[in-house]
Amino acid sequence: MRVPSGAYWRRSIRFILLYILGILTGMSVFLLIVGDEVDRLHLKIRKLEQENVEYVQEKIEYKKIENSLIQKEKNVVKEIELHLQTKDGFVEAELKKKLIKDLFFLKGKPLDYVTGFHEGIMMMVAERTYTINNRMYSLQLSTLVISPSLHMYIRVEEKR
Amino acid sequence: MSKMLLGQLAKDMSIYFFVAFGIVLGGSILGGIAALLTRQPPFHTMYELAFKLKIWGMVGALGGTFDSFMQIERIFQEGDMSPVIKQIIFIVSAFIGADTGTRLIHWLVHGDSI
């Protein structure tokens, strides 16, 4: 194998250095062209990272608030379930519509309040008469289950 | 004779000026290239390097760390003032070179503060 002599490298070293200088010059020109844009992108990355940290913190806070709200909501009336004891489905549907409107104020009320007010609810239901298709109906609250889903079992009697 | 001395002084001054200028300019640009290759903000790095290299540009141009100042001290002791003034002129020249380099880099990076 032929080994190149040292003199050959010594002769060409200035061309190699010229080549390296050319690389450095090219890189400098490239740096001057794209440097500003790269800087701007780095700045944007930093800002986005900062925003990301803020959003993560906000998310944690929202999660905490959501959990506390769920905890609070567990102790209020969320929905009212009416179980009307009547054979006529049309009457049942009409009565449900009217009763839901009348009992709507109970939604969102604390369970303690509903427990204390249970007699009032019974009286309120009993005192009212509803007219459907020219027929009058009176109601009697038989069972009241107080929970986030308020269940009311109501007997329906037609007034004659 | 004094004309020759002034000419020599001007030549020395220009060498000190350009050496300091080159240290700041070259150091900042090559530092910027390194920053670009290592995924750092290049212009920001150049801006900071220009500041940091200002004093080193001056020291490098004067040939060592505190040689010039040691020389001034020695000359003061001998009582001859003209070399002291010469050294001060070189220091000022190197400072102007380094400062020009720094300002040039700042202008290049931000397009202002020149």
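Treat the numbers as computed from the prediction; the structure is a model and nothing was measured.

### Structural notes on the sheet that holds strand β3 (residues 135-145) of chain A
All names here are of chain A. Spatial ordering of the open sheet is given by β1-β4-β3-β2, a layout of four strands whose pairing is mixed. With one partner strand each, in any of the chains shown, β1 (79-85) and β2 (129-132) form the two edges of the open sheet. Within the sheet, the average angular offset between the axes of one strand and its neighbour, ignoring direction, is 40 degrees. One ladder, built from four bridges, connects β2 with β3; its direction is antiparallel. Along β3, the bridge assignment pairs T131 with M136.

### Here's the deal with the pattern of salt bridges
Any two side chains of opposite charge can pair if their charged atoms end up close together. Tallying each qualifying case throughout the model produces seven salt bridges over all chains. Among the salt bridges present, the one from A:K97 reaches A:E94, with a minimum N-O distance of 3.6 Å. In this pair, A:K97 and A:E94 both sit in helix α2 (residues 89-102), three residues apart, roughly one turn of the helix. A relative accessible area of 54% places A:K97 in the exposed class. Here B:D99 ties to B:K54 by a salt bridge, and the two come within 2.6 Å at their closest N and O atoms. Taken together, the residues B:D99 in helix α4 (residues 82-110) and B:K54 in helix α2 (residues 42-61) connect sequence positions 45 residues apart. Judged by relative accessible area, B:D99 falls into the buried class, the value being 16%. Each of B:K54, B:D99 and B:R103 takes part in one network of salt bridges that share partners.

Conventions used here
Residues numbered from 1 in each chain as written. Chains lettered and ligands numbered in written order. Predicted model: local features only at pLDDT ≥ 70, side-chain atom pairs only at ≥ 80, totals over all residues. Heavy atoms only, no water. Pairing = 2+ DSSP bridges. Helix = DSSP H or I, 4+ residues; strand = E, 2+ residues; numbered from the N terminus. Axes fitted to C-alpha atoms, helices over the stretch in contact; angles between N-to-C directions. Salt bridge = Lys/Arg side-chain N within 4 Å of Asp/Glu carboxyl O. Buried < 20%, exposed > 50% of the residue type's maximum accessible area, 1.4 Å probe, protein only.

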